[in-house]
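Residues per chain, in single letters:
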Amino acid sequence: MKVLLLNGGPHPQGCVATALEEIARVLKVEGIDSEIVWIGNQPVAGCIGCGLCRKEGQCFRQDGVNAFIEKAKECDGFIFGSPVHYASPAGALCAVLDRAFYAGSAAFKYKPGAAIVSCRRSGTTAALDCLNKYFTINHMPVAPSQYWNSVHGRTPGEAIQDEEGMQTMRTLARNMTFLM
């Protein structure tokens, strides 16, 4: 079994990565393989609704979304992580997910998913609500934790110091294992 963890933050070793690494550590203890994929910090185009993906089986744009869909086909669960920007997930992550779920919904359907967010102070519940809709619209059970799936801190070091947030990540990993 394998969980694909998607880092939707602009920093490969930022706060989102810190939280995902804690999840990956617990998944490994639970006997579950995982892979963290960083979407990068280059521009990602949003969906233009052209419908070519329905005919071709993939998005016509060549910026990594199709490769993400291919990885998703081999995975049994998903955790998407994002920083909070103005009480919303990162725009690049939403662009990737819009296109991936439209072009490759079968790769995700019926597999458990969860979202995690990182912020300095607030906006987490609005961002989580946005991300959780990808799962619920596509028939995916949502893995819970003991509280909102968030860590707080401006830097990775501060995120690690968020004991409740890091405990929430560990519980999420165990619950994902249970659902799979």
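Residues numbered from 1 in each chain as written. Predicted model: local features only at pLDDT ≥ 70, side-chain atom pairs only at ≥ 80, totals over all residues. Heavy atoms only, no water.

**Q** Which residues make up the nonpolar core, and what are the values?
**A** One finds Leu6, Phe68, Phe78, Phe80, Leu97 and Phe108 to be the most contacted residues of the largest nonpolar core, which totals 35 residues. Of all elements in the fold, only strand E1 (2-7), helix H3 (65-73), strand E3 (77-85), helix H4 (91-103), strand E5 (113-119) and helix H5 (124-137) reach the threshold of two or more residues within this core. The greatest single-element share of this core, amounting to eight residues, is contributed by H4. Sequence-distant contacts of Phe78, defined by excluding residues within four places in its chain, comprise Val3, Leu4, Ala72, Ala107, Phe108, Lys111, Pro112, Gly113, Ala114, Met140 and Met176. If you look at the next biggest cluster of nonpolar residues, it comprises 23 residues, including Val26, Ile116, Ala143 and Leu172. (Core = buried A, V, L, I, M, F, W, Y, C linked by side-chain atoms within 4.5 Å. Buried < 20%, exposed > 50% of the residue type's maximum accessible area, 1.4 Å probe, protein only. Helix = DSSP H or I, 4+ residues; strand = E, 2+ residues; numbered from the N terminus. Contact = heavy atoms within 4.5 Å.)

**Q** Can you lay out the pattern of salt bridges for me, pointing to particular residues and giving the numbers?
**A** Tallied over the entire structure, the rule returns seven salt bridges. With a shortest N-O distance of 3.1 Å, Glu35 and Lys2 are connected by a salt bridge. Separated by 33 residues along the polypeptide, Glu35 in strand E2 (residues 33-38) and Lys2 in strand E1 bring together distant segments of the chain. For Glu35, a relative accessible area of 22% translates into the label partly exposed. A salt bridge links Lys133 to Asp129; its shortest N-O distance comes to 3.0 Å. (Salt bridge = Lys/Arg side-chain N within 4 Å of Asp/Glu carboxyl O.)

**Q** If you had to explain the side chain of Asp162 to someone new, which residues and values would you point to?
**A** By the element assignment, Asp162 lies in the loop between helix H6 (156-161) and helix H7 (163-179). Residues contacting Asp162, with those up to four places away along its chain left out, are Ser150, Val151 and His152.

**Q** How would you summarise H4 if you had to cite specific residues and measurements?
**A** The terminal C-alpha atoms of H4, which comprises 13 residues, lie 18 Å apart, in line with the 18 Å expected from a rise of 1.5 Å per residue. Residues of H4 that are buried: Leu93, Cys94, Ala95, Val96, Leu97, Arg99, Ala100, Phe101 and Ala103. Turning to H4, the residues buried within the fold contact E1, helix H2 (52-56), H3, E3, strand E4 (88-89) and H5. (Expected span 1.5 Å × (residues − 1).)

**Q** I'd like to hear about the packing of aromatic side chains, residue by residue, with values.
**A** Using the criterion set out here, one finds nine aromatic pairs in the structure. Taking the centre distance of 6.3 Å and the plane angle of 55° together, the rings of Tyr147 and Trp148 count as tilted. Taken together through their ring pairs, the aromatic side chains of Phe68, Phe78, Phe80, Phe101, Phe108, Tyr134 and Phe135 make up a single cluster. (Phe/Tyr/Trp six-rings, centres within 6.5 Å; stacked < 30°, edge-to-face > 60°.)

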